[in-house]
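Descriptive analysis of the structure
Each chain is listed here by its residues.
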Amino acid sequence: MNTEKDFSVGSVKRQIIAQAAPLTVAQVVQLLYNVVDRIYIGHMKGIGDVALTGLGITFPVIVLIAAFTSLFGAGGTVLFSIARGRRDEEEAEAILGNVFALLTASSAVLFCLCYLFRRPILYLFGASDVSVEYADQYLQIYLFGTAFSMLATGLNGYINAQGFPRVGMLTTILGAVVNIVLDPIFIFGLGLGVRGAALATVLSQGISAAWVLRFLTGKKAILRLRLRRVRVDLRRTRSIAALGLPGFVMQGTNSLVQIVCNVQLQAYGGDLYVGIMTVLNSVREILSLPVMGVTNGAQPVLGFNYGAKENSRVKEGIRFTAVLGIAYTVAAWVVVMLIPQQLMGIFSSDAAVIETGAHMLNLYFFGFFFMAFQFVGQTAFQSLGKAKQAVFFSLLRKAFIVVPLTLLLPILGLGVQGVFLAEPISNAIGGLACFTTMWLTIYRKL
């Protein structure tokens, strides 16, 4: 095996950074698909704020698609990395083919269900009679890119897991550049508004998907996507779904949290606060990317070394990931505290949104560094194939802490502020519980 792609030799720290740096860039670019849409839509003259609120109502649907992508894509990546570590290339290619089949089939089912029932779903997710029009305009076009989104995101990890993070980075760069160029043309130049933002996103995702498939079926890939391997094997599917379940639960509970937040914000504050939460989610996604890049970059390195029985290297990788993640999130928290108005101003020019949103931003990001503990613990569990623990802590933070707090805090007298306080409280409790358990049950036994 090419030692450049062999994670069991060389510096663990350098390997994680080598994986994380292009992954982070790729994730930043990937985020531009949605963030650029929000920035342009938020500044649309006369309707920007309500259109941004409508876009926020679509988030649970988009996150649900991402959840199924993670269920099959991320779950298979873990098995793929472990198989590579054992030098079992035949099994690794079989896993890749199985994942491709699962992503393709699930994208078709999700498209049909979400498209047919999109308006009832949007009302259920907290839309008002005003915001639902903009939400529907965006979603009815965005859903046509479901397969593109799932294949591009779900299969890109198999490029990174083979030691080609720069190629994986280009997957999202190509699509994002197209999205950035087309957004102003479609939204303002052609006067398509919200529909134009969705159309630009779909075309961009199509380009990203084409790039991924071209590489994985080409000669440069160490392990390829082969037509004869594209089939659903029930045994492999159970293993893939078991390891992908933590990511699915995390994304699925994110969708649930967003639904509950939208409903509560609509009840206690109205469209203004739903729009503010849309901006806060955008800021959180941006600031979370570097720590997500580090933990995602560590995953193939940890999985490979675990498969190769290099336990000391696994421990070193966990330590390094934890220190780097915590240091970054502390710095990010400081930035939020210093410039909340400027961060809100990126997404809106409305004075009420900026001033009210700045206060809510400080509440929402309080103790932001606790999020790093959750990411590191989840990554360690998932990379080493400990699916049950990863699933439990995904559910603990979101379903068992955030959702109840989002429902209870407003009733207890905190009003709309209680919705924004639920997130930092859950980060502290859930993050520390996840990391401490991982350290005591996994790290110390390696």
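I will try to describe carefully the structure that is included in this document. (Residues numbered from 1 in each chain as written. Predicted model: local features only at pLDDT ≥ 70, side-chain atom pairs only at ≥ 80, totals over all residues. Heavy atoms only, no water.)

On to the overall build of the chain. Counting its secondary structure elements, the chain contains 17 helices and zero strands. For the chain, whose C-alpha radius of gyration is 21 Å, the value lies close to the compact-globule estimate of 22 Å for 446 residues. For the chain, the spread of C-alpha atoms along the principal axes amounts to about 60 × 45 × 35 Å. Looking at the chain residue by residue over its 446 residues, the buried ones come to 60%. Taking the intrachain contacts of the chain between residues at least 6 apart in sequence as the baseline, contacts between residues at least 24 apart amount to 83%. Looking at charge distribution, the chain has the averaged site of its 34 positive side-chain charges lying 11 Å from that of its 21 negative ones. (Helix = DSSP H or I, 4+ residues; strand = E, 2+ residues; numbered from the N terminus. Rg over C-alpha atoms; globule rule 2.2 N^0.38 Å. Buried < 20%, exposed > 50% of the residue type's maximum accessible area, 1.4 Å probe, protein only. Contact = heavy atoms within 4.5 Å. Lys, Arg positive; Asp, Glu negative; His and termini not counted. Charge placed at Lys NZ, Arg CZ, Asp CG, Glu CD.)

Direction vectors running N to C along helix H3 (residues 59–85) and helix H7 (residues 146–160) enclose 25 degrees, while the axes themselves pass 8 Å from each other. Here H3 is positioned roughly parallel relative to H7, judged by the angle of their axes. Here H3 runs over H7; the crossing is right-handed. Residue-level contacts link Ile65, Phe68, Thr69, Phe72, Gly73, Gly76, Thr77 and Phe80 of H3 to Thr146, Met150, Thr153, Gly154, Gly157 and Tyr158 of H7. (Axes fitted to C-alpha atoms, helices over the stretch in contact; angles between N-to-C directions. Parallel < 35°, antiparallel > 145°, perpendicular 65-115°, else oblique. Left-handed = near helix turned anticlockwise from the far one by under 90°.)

Phi at Lys309 takes a positive value of approximately 60 degrees, unusual for a residue other than glycine. Within the secondary structure, Lys309 sits in the loop between helix H11 (271–307) and helix H12 (311–338). Under the relative-accessibility criterion, Lys309 is labelled exposed at 71%.

A few words on helix H10 (residues 234–268). Structural remark: α-helix, 3.6 residues per turn; residues separated by three or four positions point the same way. Approximately 45 degrees is the largest bend angle found in H10, and it occurs at Gly244, with the proline Pro246 only one to four residues beyond. A distance of 3.1 Å separates the backbone nitrogen of Arg235 from a side-chain oxygen at the start of H10, and that oxygen is part of Asp233. Gly270 occupies a position one or two residues after H10 and carries a positive phi of about 95 degrees. (Bend = angle between axes of the 7 residues up to and from the residue. Polar contact = N/O pair within 3.5 Å; in protein donor to acceptor, adjacent residues only side chain to side chain.)

The next subject is the nonpolar core. Proteins that are soluble and globular tend to have nonpolar side chains buried together. Judged by nonpolar contacts, the single largest core of 123 residues is most densely connected at Leu155, Leu216, Leu280, Phe420 and Met438. With 14 residues, H11 is the single largest residue contributor to this core. In contact with Met438, other than residues within four places in its own chain, are Ile318, Val376, Gly377, Ala380, Phe381 and Tyr443. (Core = buried A, V, L, I, M, F, W, Y, C linked by side-chain atoms within 4.5 Å.)

A few words on the packing of aromatic side chains. Applying the stated criterion to the full structure yields 17 aromatic pairs. Ring centres of Tyr115 and Phe144 lie 5.4 Å apart, and the angle between their planes is 70 degrees; on these two criteria the pair is classed as edge-to-face. Residue Tyr115 is found in helix H4 (residues 89–116), and its partner Phe144 is found in the loop between helix H6 (131–142) and H7; the two are separated by 29 residues along the sequence. Looking at Phe144, the relative accessible area reads 51%, which means it is exposed. Above the face of the Tyr115 ring, Arg118 is positioned so that its terminal group lies 4.5 Å from the ring centre. One cation-aromatic arrangement involves Lys315 over Tyr443; the distance from NZ or CZ to the ring centre is 4.8 Å. (Phe/Tyr/Trp six-rings, centres within 6.5 Å; stacked < 30°, edge-to-face > 60°. Lys NZ or Arg CZ within 6 Å of the ring centre and 35° of its normal.)

According to the stated counting rule, one finds seven salt bridges in the structure shown. A salt bridge links Arg118 to Asp136; the nearest nitrogen and oxygen atoms lie 2.6 Å apart. One end of the pair, Arg118, is in helix H5 (residues 118–124); the other, Asp136, is in helix H6, and 18 residues separate them in sequence. Judged by its relative accessible area of 8%, Asp136 falls in the buried class. Across the pair Arg119 and Asp136 runs a salt bridge whose closest N-O atoms are separated by 3.3 Å. (Salt bridge = Lys/Arg side-chain N within 4 Å of Asp/Glu carboxyl O.)

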